[in-house]
Amino acid sequence: MRLKDFSALCFDMDFTLVNYSLNKFLPMVYDVTAQFLVEKKGYPKTLKHRDESDLKLIRQGLILDKTTHHFLDISSTGEVISAFDGNNFLSHKKILELYPDRRWSYFDTFYKGFECDVATVSHDELPYFFYDSAFVSPVIPVMAKHMKSLSRCESDFSEKCKTLYKDTLESFNFNFHPDNFKRNTGFFFPEMMKNTDLYIDKASPKFKNRLKELKDNGVKLVLVTASHVDYTELLMNYSYGSNWREYFDIVCCRARKPGFFTSSPVSRPFYRWNFKNDSIGNETMPELNCKDIFFEGHWTCVDKWIKCNATRPGRVAYVGDSFKSDIIPTKLFTSWDQMAIVWEGQKYLREKSSEKLDHVNKKVHLEENEEWGSFFGSEKQFTMTAGKLMAHSDIVFSNVESLASLEMDENFESGCFYDFDPYE
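Residues numbered from 1 in each chain as written. Predicted model: local features only at pLDDT ≥ 70, side-chain atom pairs only at ≥ 80, totals over all residues. Heavy atoms only, no water.

A. Representation of the overall build of the protein chain within the structure. Along its length, the protein chain carries 15 helices and 16 strands. Of all 424 residues assigned to the protein chain, the portion counted as buried reaches 56%. Restricting the contact set of the protein chain to residue pairs at least 6 apart, pairs at least 24 apart contribute 70%. Of the accessible surface of the protein chain, which amounts to about 18100 Å², a share of 48% is contributed by carbon and sulfur atoms. (Helix = DSSP H or I, 4+ residues; strand = E, 2+ residues; numbered from the N terminus. Buried < 20%, exposed > 50% of the residue type's maximum accessible area, 1.4 Å probe, protein only. Contact = heavy atoms within 4.5 Å. Areas by Shrake-Rupley, 256 points an atom, 1.4 Å probe, with all protein chains shown as cover.)

B. Main features of the pattern of salt bridges. Inspection of the entire model under this criterion finds 22 salt bridges. Here Glu-170 and Lys-41 are joined by a salt bridge, their closest N and O atoms 3.0 Å apart. Of this pair, Glu-170 sits in helix H6 (residues 157-176) while Lys-41 sits in helix H1 (residues 22-41); the two residues are 129 residues apart in sequence, bridging distant segments of the chain. Of the residues examined, Glu-170 reaches a relative accessible area of 32% and is grouped as partly exposed. Among the residues examined, Lys-41 registers a relative accessible area of 32% and is labelled partly exposed. A network of salt bridges, in which partner residues are shared, links Asp-12, Lys-257 and Asp-326. (Salt bridge = Lys/Arg side-chain N within 4 Å of Asp/Glu carboxyl O.)

C. Main features of the packing of H1 against helix H5 (residues 139-149). The geometry of H1 relative to H5 is characterised by a closest axis approach of 8 Å and an angle of 40° between their N-to-C directions. Looking at the two axes, H1 sits oblique to H5. Seen from above, H1 lies across H5 with right-handed handedness. In this structure, H1 uses Tyr-30, Thr-33, Ala-34 and Leu-37 to contact H5, whose residues at the interface are Val-139, Pro-141, Val-142 and Lys-145. Across the contact of H1 with H5, the residue classes break down as 6 nonpolar, 1 polar and 1 charged. (Axes fitted to C-alpha atoms, helices over the stretch in contact; angles between N-to-C directions. Parallel < 35°, antiparallel > 145°, perpendicular 65-115°, else oblique. Left-handed = near helix turned anticlockwise from the far one by under 90°. Nonpolar A, V, L, I, M, F, W, Y, C, P; charged D, E, K, R; others polar.)

D. Broad picture of the side chain of Asp-54. Relative to the helices and strands, Asp-54 resides in helix H2 (residues 52-55). Sequence-distant contacts of Asp-54, that is, excluding residues within four places in its chain, are made with Tyr-30, His-49, Pro-141 and Lys-145.

Below, the structure is given as structure tokens:
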């Protein structure tokens, strides 16, 4: 396929259209999570003191097994590649003792969960948790630090871990709930508003010109984000400028993915954002238009708008980073192609920085995590996430900016990694 073959490109925002400065953002998420647990739940103050070894545990695509209380790296066929108990990485012998044939017992259930809408299933009802984004992967070292302070020999170890899991989930709601931006509550949004320049990179003129070039060539551009309109405004204004809406034909916020792709169209109408009183209108919108911002909705309505308004027939692609919300549901539930953004391809863990963060006054020092190994695994044994990428993505980028380097008539094959080699 080629870019010139598309009649429309639909984009996610966080970690897709908007690039986060990972060396600063990931430690900050650690900090606000630890702050919640210490100040709101009474956990030891030592939880707030992170060091290099803590940060080296951050990696996307890991799983917490709530029955064994281990963090796991799983292969594409269900084998346990690595296991961490909060204190040490388990030996191959120990892994075999806990996981016969090295197979994770919930693998089939977990894989099936990717192929249906499980948005209604509460995380605390599941025997595992998947760290599929940069908003949640930095809590791994926070949880590990507290688990390290507990004794697995104690009879109440399991109950204390369950409490930790419950409190950590509560921290997500406290810090990341979309309504908290307007309320100026939690620790995350106030920090993002205060120091946007620390955590967000500005879009390059080259990429903004590519968006303009696409529009000039008749390609419709659509923004579909799970973020609320106020957070969207903050990030897009900073990254693209106050005229950012001019780059897009349709803007959809609070899409509540994966339901945007997986739910019934009847159950997911669009609503118009009311700018006069900063609220979501009550009237459902059977059709979209270019002048408004819309909420919730369903991909089929966007697809209908594209077909009615495209200057020429062609393919449609969704560009996003989340396995659960973007990559897999796009392929399984839509007629669109899928372009994946995988920030692990940036090899951010190999970068070193002596720059200090104002809000924590700590040095950022991230290195490649040799214990967990590569996010992609190896050519002999793919990780689960790498397997999903190859199965469901038509092209993989480490950064959306790479779209500006892809020539309009350049051919690319399904499943290819465009701007990096995952197994080099």
